[in-house]
Amino acid sequence: MTAYIVVDLTPINAEKMQEYGAAAAVTVAEHGGEFVVKGPISVLNPDEKTSMDPADQYATKVIIQFPDHDTALAWYNSDAYQAIIPTRKLAMKSQFHIIG
């Protein structure tokens, strides 16, 4: 069953974002992943917003598709991806989720 990594993020360093993005794209491809969408998020129901709304904390959402749950986890836990997490922390404030 297809699995998705959903990332909520707000960039904090443009130079580090470029560095991280380039490195992350290579690791995603190596694990059979594909970027489905990336862009700013807009709340469609602002009257129902809560203080826990991700849009209050994160400006952008990224969705990455993998063949299955195990492959998605293997990507995230891979040595190659783990090695670029320090750059990610300098590049953005983020939260990662897995669906599927």
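Conventions used here
Residues numbered from 1 in each chain as written. Predicted model: local features only at pLDDT ≥ 70, side-chain atom pairs only at ≥ 80, totals over all residues. Heavy atoms only, no water. Helix = DSSP H or I, 4+ residues; strand = E, 2+ residues; numbered from the N terminus. Rg over C-alpha atoms; globule rule 2.2 N^0.38 Å. Salt bridge = Lys/Arg side-chain N within 4 Å of Asp/Glu carboxyl O. Buried < 20%, exposed > 50% of the residue type's maximum accessible area, 1.4 Å probe, protein only. Axes fitted to C-alpha atoms, helices over the stretch in contact; angles between N-to-C directions. Parallel < 35°, antiparallel > 145°, perpendicular 65-115°, else oblique. Contact = heavy atoms within 4.5 Å. Nonpolar A, V, L, I, M, F, W, Y, C, P; charged D, E, K, R; others polar. Phe/Tyr/Trp six-rings, centres within 6.5 Å; stacked < 30°, edge-to-face > 60°. Pairing = 2+ DSSP bridges.

Caption draft 1: Local environment of the overall build of the chain. The helix and strand tally for the chain stands at three helices and four strands. The N-to-C order of helical and strand elements in the chain reads β-α-β-β-α-α-β. The C-alpha radius of gyration of the chain comes to 14 Å, within 12% of the 13 Å expected for a compact globule of 100 residues. Projected onto its principal axes, the C-alpha coordinates of the chain cover approximately 40 × 35 × 20 Å.

Caption draft 2: Spatial organisation of the pattern of salt bridges. Under the definition given, this model contains two salt bridges. Here Asp8 and Lys61 are joined by a salt bridge, their closest N and O atoms 2.3 Å apart. You can see Asp8 sitting in strand β1 (residues 3–11) and its partner Lys61 sitting in strand β3 (residues 60–66), a full 53 residues away along the chain. For Asp8, a relative accessible area of 2% corresponds to the buried category.

Caption draft 3: Fine view of the packing of helix α2 (residues 69–77) against helix α3 (residues 79–91). One can describe the packing of α2 onto α3 by two numbers: an axis separation of 5 Å at closest approach and a directional angle of 55°. In terms of orientation, α2 and α3 fall into the oblique class. Contacts between α2 and α3 pair Trp75, Tyr76 and Asn77 from the former with Asp79, Tyr81, Gln82, Ile85 and Arg88 from the latter. Here the contact of α2 with α3 is built from residues that sort into four nonpolar, two polar and two charged.

Caption draft 4: Structural view of the packing of aromatic side chains. In total, this model carries seven aromatic pairs according to the counting rule given. When the ring of Tyr20 is compared with that of Tyr81, the centres are 6.3 Å apart and the planes differ by 70°; the resulting orientation is edge-to-face. Here the residue Tyr20 occupies a position in helix α1 (residues 14–30), and Tyr81 occupies one in helix α3, the gap between them amounting to 61 residues. Here Tyr20 and Tyr81 have matching classes, each one buried. Their ring planes at 70° and their centres at 5.9 Å tell us that Trp75 and Tyr76 sit as a pair that is edge-to-face. Look at Trp75 and you get buried, because its relative accessible area is 1%.

Caption draft 5: Quick peek at the sheet that holds β3. With respect to topology, four strands assemble into an open sheet ordered β2-β3-β1-β4, the strand pairing being antiparallel. Pairing within the sheet leaves two strands with one partner each, and these edge strands are β2 (34–40) and β4 (92–99). Between one strand axis and the next, the sheet turns by 15° as a mean value, whatever way the strands run. The sheet contact formed by β1 and β3 spans seven bridges and is antiparallel. Within the sheet, the bridge partner assigned to Asp8 lies in β3 and is Lys61. The sheet strands contacting α2 are β1, β3 and β4, and the helix crosses β4 at an angle near 155°. Relative to β4, α3 is tilted by about 135°, and along the sheet it contacts β1 and β4.

Everything listed here is a matter of coordinates, which is why it stays silent on function.
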